[in-house]
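Descriptive analysis of the structure
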Amino acid sequence: MDMLQTNVQTEITTAAQADIAVSVSNVSKNYGDVEALRDLSLEFPRGQLTSLLGPSGCGKTTLLKIIAGLLDPTSGDVLVDGKAVTGPGPDRAFVFQDFALLPWASVMRNVAFGLELRGVAKSEREAIAEKYIANVGLSGFEKSYPHELSGGMRQRVGLARALSVDADVLLMDEPFSAVDEQTRRKFQEDLLSLVANENKTFIFVTHSIEEAVYVSDQIAILLPRPSRVSDIIRPTGLREKDMLTIRRDPEYLDIVDEIWASLRSYVE
Amino acid sequence: MKLFGVRLPAMSSLLIWGLLWELIGRAEFSFFVPPLSQVFSTLFEIFGTKAFQSALYETAYAFISGVFFAIVIGIPTGIFMGKNRLLDELLLPWVNIFLSAPLTALVPVLMVLFGFGMKSIIITTTLFAIWIIILNARAGVLQINRSLVEMATSFGASPWDAFTKVYVWAALPEILGGVRIGVIRAVKGVIIGQLLISIAGFGALFELYSANFLMSHFWAVLIVLFGLAFTISEFLAYLERRVSYYAAKR
C-alpha cells in the first residue's frame, strides 16, 4: 500500500469532515403506526452548540435519544466522529431533564458514577469528580445527598457527571426546564462559557425560543407529525457579544421573532 | 401520646391491657386465663428447661432457613419479573394465586412430597413468606424512574451493574416492606408446619401444653413467640425507615 497516498487521502477526508462531529442522515423512527421522525438529516458542527427547537411532540427528545444510542432508529444512520452509532458509547454523555441522580448516593458518588461504570478506580475517579464538582460550583457539597439540594444544584450534579466522563459530545435534554427562572438564566450564562472553554460538541434540546437563540451557534427548527427539520438558523453576531447584552441585541430579537412566526401556527 | 402533659413512651397501652389480663386472671373467670404474673413466672421457669431450649432451636432453625430461601429466591424472581415482560406474564398469575391461597391446605401435599421432617417445615415456611416478597420486589422495580435506567445505560452500565447498582437500590424500600410482611407470614408458616407436619419445636410445646390444660405454660410460649416476631418486624421497620429518605424522591 502506498503510505503517502493514504495519508494524503486521510488528510483530505479529515479536512472535509473536521467540523462535523455528529451527523444524522435520513433517520426515521416509527412507533407502530405513528411516525415520530421521517427522513431527518442534520449535521452538528464540532465545538459548537446546536439546539433542537420545536413545539412539544415534534420528536426532538426522540432524536436526541437516537443520537445517544438509547433508542434505535427504524431506518437511517447516526455517525459520531465518522463511526456509526449502535448503542451508548463513551464518546457521548447525557444530561437528563429530571437530573436522573441516584437518590441513595452522595454528590461525590453521583458525579463519579459514569466513571464507576467504566471501571475507573475509586481514588482516581473521585479525584476527577472532585475537580468537576468544583467546576460547577458545588465544592463543599460532596457528601450531600440529592434530596438535600435545590433543583438547580441537582442539575449541576447531573452536568458534572456528564463532564467528568470527558465525552466529545454532550447531549442535553431540556436540562434547564425543571429549574426556576433565575437559576435557568445563570445556567444559560454558564453554558455559554462552557461551550467557549471546553472543546466539546453540544446538542441541546429545548422548547424555549429565547433560550435556544441565547445559547446556540446553530438552531435546528423541528416541525411535528412527522418530525422533520424545517429550518436551520445560525446566529452570526451573537457569540462575540457580552453575554449580558445579548438579550438587547437587534439580531437576537429578530431571530426570536422570526422563529415564533414560523412556529406559531403549529402550537395548538 | 400525651397524658396530663406527660409524654408516654411507645406502647404504654400494653400496660393497661396487661393490668386487665392480671385482674381477669385473679378473678378466676376461666382456667383458660391465668394471671399474667403467673404466666411470666412460668415463662422464667421453663426458659431454662431442655424441652424449651430445643423447641426454640428447632423453631428458629426452620424459621431462619425458610425466610432465607424466601428472600434469596423471592427478591431476584420479583426483580426479574419487573424487568422482563415475558417472565412476568408467565409467573404473575401463580404468584397471585399462591399469595391468596389457603396454604395450610397444601401442607399435606408437601408431607407426601417431602416427608415428615424438617425439610417440609422449611418449605412450608418459605411458601408462606415468598409470594409477598416477590410481589413487592416486582412492584419496586416497576416504579423505578425510567430515566435512572436510561442514565445507567447511557453511561455504559453492564446488565450486572444495572442490576446491582441501580435496580436493587431503587427498589429497596419496596423490597424491605415485602420482606417485613413476608417474615410475619413466615412465623405463621413455621408454627403451622410444626403443628401439622411433625409435632416439633414450638408447635409441639403448644400441642403438649394445650392438651394437658397447662394454660400458663401455653401463654408463656405464645408470649415468647409474639415477642420474637415483633422484634424481627420492628428491626425490619427500622431498616425501612433508614431508606425512607429517598423512597419518596426516586
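What you are looking at is a predicted structure, and each value in this text was computed from that prediction instead of being measured. (Residues numbered from 1 in each chain as written. Chains lettered and ligands numbered in written order. Predicted model: local features only at pLDDT ≥ 70, side-chain atom pairs only at ≥ 80, totals over all residues.)

**Side note on the overall build of chain A**
Test applied: Secondary structure elements follow DSSP: runs of H or I of four or more residues count as helices, runs of E of two or more count as strands, with numbering from the N terminus. With C-beta atoms placed from the backbone, a residue is buried if 20 or more other C-beta atoms are within 10 Å of its own, exposed if 12 or fewer are, and partly exposed between those counts. Residue pairs qualify as contacts under a 7 Å threshold applied to their C-beta atoms, which are placed from the backbone.
Scanning chain A from terminus to terminus reveals eight helices and ten strands. Taking the principal axes of the C-alpha coordinates as reference, chain A spans close to 60 × 45 × 45 Å. Per-residue burial over chain A gives 41% buried out of 268 residues. Sequence-distant contacts in chain A: of pairs separated by 6 or more residues, those separated by 24 or more amount to 69%.

**Side note on the interface of chain A and chain B**
What counts here: In this classification, the charged set is Asp, Glu, Lys and Arg, the nonpolar set is Ala, Val, Leu, Ile, Met, Phe, Trp, Tyr, Cys and Pro, and all remaining amino acids, among them Gly, are polar.
Each side of the interface is counted separately: chain A has 16 residues, and chain B has 16 residues. Ranked by residue count, the leading element in the side of chain A that touches chain B is helix α3 (residues 107-117) of chain A, at three residues. For the side of chain A that touches chain B, the residue count by class is twelve nonpolar, two polar and two charged.

**Things to note about the nonpolar core**
Here is the rule: Joining buried Ala, Val, Leu, Ile, Met, Phe, Trp, Tyr and Cys residues through C-beta atoms within 7 Å gives a set, and that set is a nonpolar core. Boundaries between domains were set according to an automatic or database domain assignment.
By size, the foremost hydrophobic cluster in this structure holds 132 residues, and its most contacted members are Ile67(A), Ala160(A), Leu170(A), Leu171(A), Ile203(A), Ile133(B) and Ala186(B). Per element, the largest residue contribution to this core is 14 residues, and it comes from helix α6 (residues 118-142) of chain B. Composition of this core by domain shows at least three residues from each of domain 1 (21-91 + 168-268) and domain 2 (104-166) of chain A. The contacts of Ile133(B), once residues within four sequence positions are left out, are Ala70(B), Ile71(B), Gly74(B), Ile75(B), Gly78(B), Gly178(B), Val179(B) and Gly182(B).

**Here we look at the sheet that holds strand β4 (residues 75-80) of chain A**
Adjacent strands of a sheet pair through backbone hydrogen bonds, lying either parallel or antiparallel. Residues and elements named next belong to chain A. Note the threshold: Two strands pair under a simple rule: DSSP has to find at least two bridges between them.
The four strands lie next to each other as β2-β1-β4-β5, forming an open sheet whose pairing is antiparallel. A single partner strand is all that each edge strand has here, and the edge strands are β2 (34-45) and β5 (83-84). The sheet contact formed by strand β1 (residues 20-31) and β2 spans eight bridges and is antiparallel. From the neighbouring strand, Ser 23 faces β2, where its bridge partner is Glu 43.

**Topic: the pairing of strand β8 (residues 201-206) of chain A**
As a general feature of sheets, a regular strand has side chains that alternate between the two faces. Residue and element names in this part refer to chain A. Judged by how many residues are buried, β8 sits mostly within the fold: six of six residues are covered. Across the two faces of β8 the burial is the same, with Thr 201, Ile 203 and Val 205 and Phe 202, Phe 204 and Thr 206 all buried. Here strand β3 (residues 49-53) pairs with β8 via five bridges, running parallel. Of the residues in β8, the one forming a bridge with Leu 53 is Thr 206. In this sheet, β8 lies alongside strand β7 (residues 169-173) in parallel orientation, the contact comprising five bridges. Each bridged residue has a counterpart across the sheet, and for Met 172 the counterpart in β8 is Phe 204.

**Section: the domain arrangement of chain A**
Residue and element names in this part refer to chain A. Each assigned domain of chain A is listed here: domain 1 (21-91 + 168-268) and domain 2 (104-166). Inter-centroid distance (C-alpha atoms) of domain 1 to domain 2 is 25 Å. Per-class residue counts for the side of domain 1 that touches domain 2 are five nonpolar, one polar and no charged.

**Focus: the sheet that holds strand β9 (residues 218-223) of chain A**
Residue and element names in this part refer to chain A. Operational definition: All axes are obtained by fitting lines to C-alpha atoms, using only the stretch in contact for helices, and the reported angles, taken between N-to-C directions, cover 0 to 180 degrees.
Across the sheet, six strands lie side by side as β6-β7-β8-β3-β9-β10; this open sheet has mixed pairing. Edge positions in the sheet fall to β6 (92-95) and β10 (228-233), since each of these pairs with one other strand and no more. This sheet shows a mean twist of 20° between the axes of neighbouring strands, independent of strand direction. Sheet topology note: the β9/β10 ladder contains five bridges and is antiparallel. Its bridge partner lying in β10, Ala 220 is registered against Ile 232.

**Here's the deal with helix α5 (residues 151-164) of chain A**
Residues and elements named next belong to chain A. What counts, and what does not: Take the residue count of a helix, subtract one, and multiply by 1.5 Å to get its expected span.
Under the 1.5 Å per step criterion, the end-to-end length of α5 is 20 Å for 14 residues, consistent within 8% with the ideal 20 Å. Summarising burial for α5: twelve of the 14 residues are buried, a large majority. Within α5, burial applies to Met 153, Arg 154, Gln 155, Arg 156, Val 157, Gly 158, Leu 159, Ala 160, Arg 161, Ala 162, Leu 163 and Ser 164. For α5, the secondary structure elements touched by its buried residues are β6, α3, α4 (122-135) and β7. Within two residues after α5, Asp 166 carries a phi angle of roughly 55°, on the positive side.

**Side note on unusual backbone geometry**
Residues and elements named next belong to chain A. Here Asp 39, not a glycine, exhibits a phi torsion of approximately 45°, which is positive. Relative to the helices and strands, Asp 39 is located in strand β2. Here Phe 99, not a glycine, exhibits a phi torsion of approximately 75°, which is positive. Phe 99 sits in the buried class, given 26 other C-beta atoms within 10 Å.

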